[in-house]
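Residue strings, one per chain:
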Amino acid sequence: MTLIHPLENVGTAFDRDKMLEVRTLVRQAVDDIAANVRPGMVEEDAVAMARTLLAERGMVRNWHDVYVRFGTNTTKTFGAPSDAGVVLGETDVFFVDIGPVWKKWEGDAGDTFVVGDDPDMRRGAEDARTIFHLTRQEWLRRPASGRELYEFAARQAAERGWKLNLDLSGHRLADFPHAAIHDGPLAEVDFHPSSLLWVLEIHLLHPQRPFGTFFEDMLLEDSFF
Amino acid sequence: MRSSAVAERFAFRVVEKQKVSPSVVRLALAPEEGRAMPYDEGQFLSIQLPDGQARCYSMARAWDADGTVELHVRIHPGGLFSDRTLTKLDHGAAVAALGPFGGCVWVPWDGPTLMLAVGTGIAPLNAIVERLARSGHAAPVHLYWGVRTTDDLYLADHLRDLAEQLPWFHFVPVLEQPPAGSAYRQGFVQDQAARDFPSLADAQVYACGVPVMVEAARHLFVGSHGLPADRFHADPFSPPQEEEAATTAVAPLTVTAIDGDGNAHTLAASSGTSLLAVLRAAHMPLLSVCGGKKSCGTCRVAIAPEHFPRLPKADADEARLLAALDDPADNHRLACQVLLSPALDGLRVVLPREIP
């Protein structure tokens, strides 16, 4: 008999295949939202566009708010309101962070997009993805706890000259709502997290310049990427 | 419309900085190289700070062809613009801004117009009144301005002058702490205006300032005074300089919550707080997974049918979400989106039987 940690419980509607189906839907939605964003756009209009796109795909309900963060607002931590009226520049950075509920199952996906040719921004977007995968490899390589995984991620960020925002440090995902089971961060979990039940978030902040980059996806084996 | 649809970046230079009250500085900015930012009165701009942060301020005067803009900046401890940057700006200092933003601009209207401001929320409304004064406007405009004390009435002389010159313009200062024996109105601006105008069916309303006042006014006027919802004009942004004025819009009231077992709980509440906050503070069994962002639907409640007409209509996002939830009903609302106001005193709500 395999013992399940209480923080890894699921609801009655939990379905592995459905969780993966939602993952595909939300990752595609992130890319499609980003494809509609243009320099000169005001952030509030991008958020409204994202909400509409998700609603058209049957994802009216979101377990967390829809975030499209432009420019300096990319430094804001999860839940913090954006400064109003930020317009995407010709050389700029933005990220999409969505947490839709599709039917009974939760999804969560985020990624960063760069317009123009700012080398720091391009490197930041790439480093967020790289650190996500390095941390995920560490999770596959040894039975590290959530806390150890984020210590590893913070070291990786520092080595590349970034600050890892530990206010955005992973969480559960399940049939809706996972918050009824566990609403805390993965970075405070002292056991080895299981596949398909957790989201790994990487939010990097530039040490001097006012921008950040973000990537998140489920903790899954290599075959899913 | 004078402004273009797309905001642009503009360079300004500080030409005047004056402390006009213990807590407000008036800043005049002139455009660089003659490139002015065209705007419509009621709009705001976003000051771009050297460290990349941004802060929004409304233009306080009617548009002038020389392109000078005037901003009213509240000074408060820890305020990003006011403390770290504003104090370093002096005559000739360069300021970068994006703008203009905002749709809370004058809509031609032949009936009466009520304008409500708290604190530096007076700035965009002063701009609109000045513009009307130049354009031969004739329909009545009643401006209510809420501040703490007489020290905060930094624009009162100007507004009184306008009221003397313009037969259609009426100015009513409302103080939280009026001097003893004075004739000043006391209380909340929205309550004072509501007292003067029992019916607003033929009116339009502008509200600028602290969000808690704006929402309380929207609920009061649309819910109880017959104001059509599309004639309530306010911008969604909340200028950081007005946070401290939040207490000026608070009034006590009660809400009755019926739990899943049918038990009634009478809860004390304040105007300006959300129904969700009141229910959660009383440990009523109700989730709020998204944290009050009208995203998850877990705080859905049923409003007593006889009380439902008192509430303003749900906005498009809330209505879309309510319609997508299981077993929708006409009297459902998201508790996070119901802002309590004196008009909702005694509201009765039914909580869900089952919590997910």
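The rules behind each value
- Residues numbered from 1 in each chain as written.
- Chains lettered and ligands numbered in written order.
- Predicted model: local features only at pLDDT ≥ 70, side-chain atom pairs only at ≥ 80, totals over all residues.
- Heavy atoms only, no water.
- Buried < 20%, exposed > 50% of the residue type's maximum accessible area, 1.4 Å probe, protein only.
- Helix = DSSP H or I, 4+ residues; strand = E, 2+ residues; numbered from the N terminus.
- Pairing = 2+ DSSP bridges.
- Phe/Tyr/Trp six-rings, centres within 6.5 Å; stacked < 30°, edge-to-face > 60°.
- Contact = heavy atoms within 4.5 Å.
- Buried area = accessible area lost by both parts, 1.4 Å probe.
- Salt bridge = Lys/Arg side-chain N within 4 Å of Asp/Glu carboxyl O.
- Polar contact = N/O pair within 3.5 Å; in protein donor to acceptor, adjacent residues only side chain to side chain.
- Axes fitted to C-alpha atoms, helices over the stretch in contact; angles between N-to-C directions.
- Expected span 1.5 Å × (residues − 1).
- 1 Å grid on protein atoms, 1.4 Å probe; cavity = no way out; pocket = protein on both sides within 12 Å on 5 of 7 lines; lining within 4 Å.
- Points joined across faces, edges and corners; volume = space filled by probe spheres on them.
- Nonpolar A, V, L, I, M, F, W, Y, C, P; charged D, E, K, R; others polar.
- Disulfide = S-S within 2.5 Å.

A. Main features of the pairing of strand β11 (residues 204-208) of chain B. Residue and element names in this part refer to chain B. Counted residue by residue, β11 has 5 buried out of 5 residues, so it is predominantly covered. Here β11 shows a buried face lined by Q204, Y206 and C208 and a second buried face lined by V205 and A207. In this structure, strand β7 (residues 113-118) lies alongside β11, joined through 5 bridges in parallel fashion. Bridge pairing links A117 to C208 in β11. Where β11 meets strand β12 (residues 232-233), 2 bridges bridge the pair, whose relative direction is parallel. Counted as the bridge partner of Y206 is H233 from β12.

B. Region of the structure containing the packing of aromatic side chains. In the structure shown here, the tally under the stated rule is 14 aromatic pairs over all chains. Relative to F214 of chain A, the ring of F95 of chain A has its centre 5.2 Å away and its plane inclined at 45 degrees; by these criteria the two rings are tilted. Residue F95 of chain A is found in strand β2 (residues 92-102), and its partner F214 of chain A is found in strand β8 (residues 212-218); the two are separated by 119 residues along the sequence. F214 of chain A shares its class with F95 of chain A; the two are buried. Plain terms: the ring middles of W168 of chain B and F169 of chain B are 6.2 Å apart, the flat faces sit at 65 degrees to each other, and that makes the pair edge-to-face. Judged on exposure class, the residue W168 of chain B and its partner F169 of chain B are both buried.

C. Fine view of the interface of chain A and chain B. In this assembly, 26 residues from chain A lie in contact with 27 residues from chain B. Interface area, chain A with chain B, both sides summed: about 1900 Å², of which 59% is carbon and sulfur. Summed over the shared surface of chain A and chain B, the result is 1 salt bridge. Summed over the shared surface of chain A and chain B, the number is 5 residue pairs in polar contact (both at pLDDT 80 or more).

D. Seen up close, the sheet that holds strand β9 (residues 169-175) of chain B. Residues and elements named next belong to chain B. Strand order across the open sheet formed by 6 strands is β10-β9-β8-β7-β11-β12, with parallel pairing between neighbours. Each having just a single partner strand, β10 (185-186) and β12 make up the two edges of the open sheet. Helix α2 (residues 122-134) rests against β7, β8 (141-147), β9 and β11 of the sheet, and its axis sits at about 145 degrees to β7.

E. Molecular detail of helix α5 (residues 211-224) of chain B. Residue and element names in this part refer to chain B. Counted at 1.5 Å a residue, the expected span for α5 with its 14 residues is 20 Å, and the 19 Å between its end C-alpha atoms agrees. Among the 14 residues in α5, 10 count as buried, and that is most of the element. Three or more residues of α5 are buried, namely V212, M213, V214, A216, A217, H219, L220, F221, V222 and G223. Looking at the packing, one finds that the buried side of α5 touches β7, α4 (189-196), β11 and β12. Once α5 ends, the next one or two residues include G226, with phi positive near 75 degrees.

F. Inspection of empty space enclosed by the protein at higher detail. For the structure shown, the criterion picks out 5 cavities of 30 Å³ or more. In this structure, the largest cavity occupies an estimated 60 Å³ of space. Per-class residue counts for the lining of the largest cavity are 2 nonpolar, 1 polar and 4 charged.

G. Layout of the environment of R129 of chain A. Structurally, R129 of chain A can be placed in helix α3 (residues 119-141). Along the sequence, R129 of chain A and E216 of chain A sit 87 residues apart, while their C-alpha atoms lie 8.0 Å from each other.

H. Spotlight on the state of the cysteines. All names here are of chain B. In total, this model carries 0 disulfides over all chains according to the counting rule given. Between C290, a free cysteine, and C296, which holds the nearest cysteine sulfur, the sulfur-to-sulfur gap is 3.7 Å. C290 gets classed as buried once you look at its relative accessible area, which sits at 11%. Note on C299: no disulfide assigned, nearest cysteine sulfur contributed by C336 at a separation of 3.8 Å.

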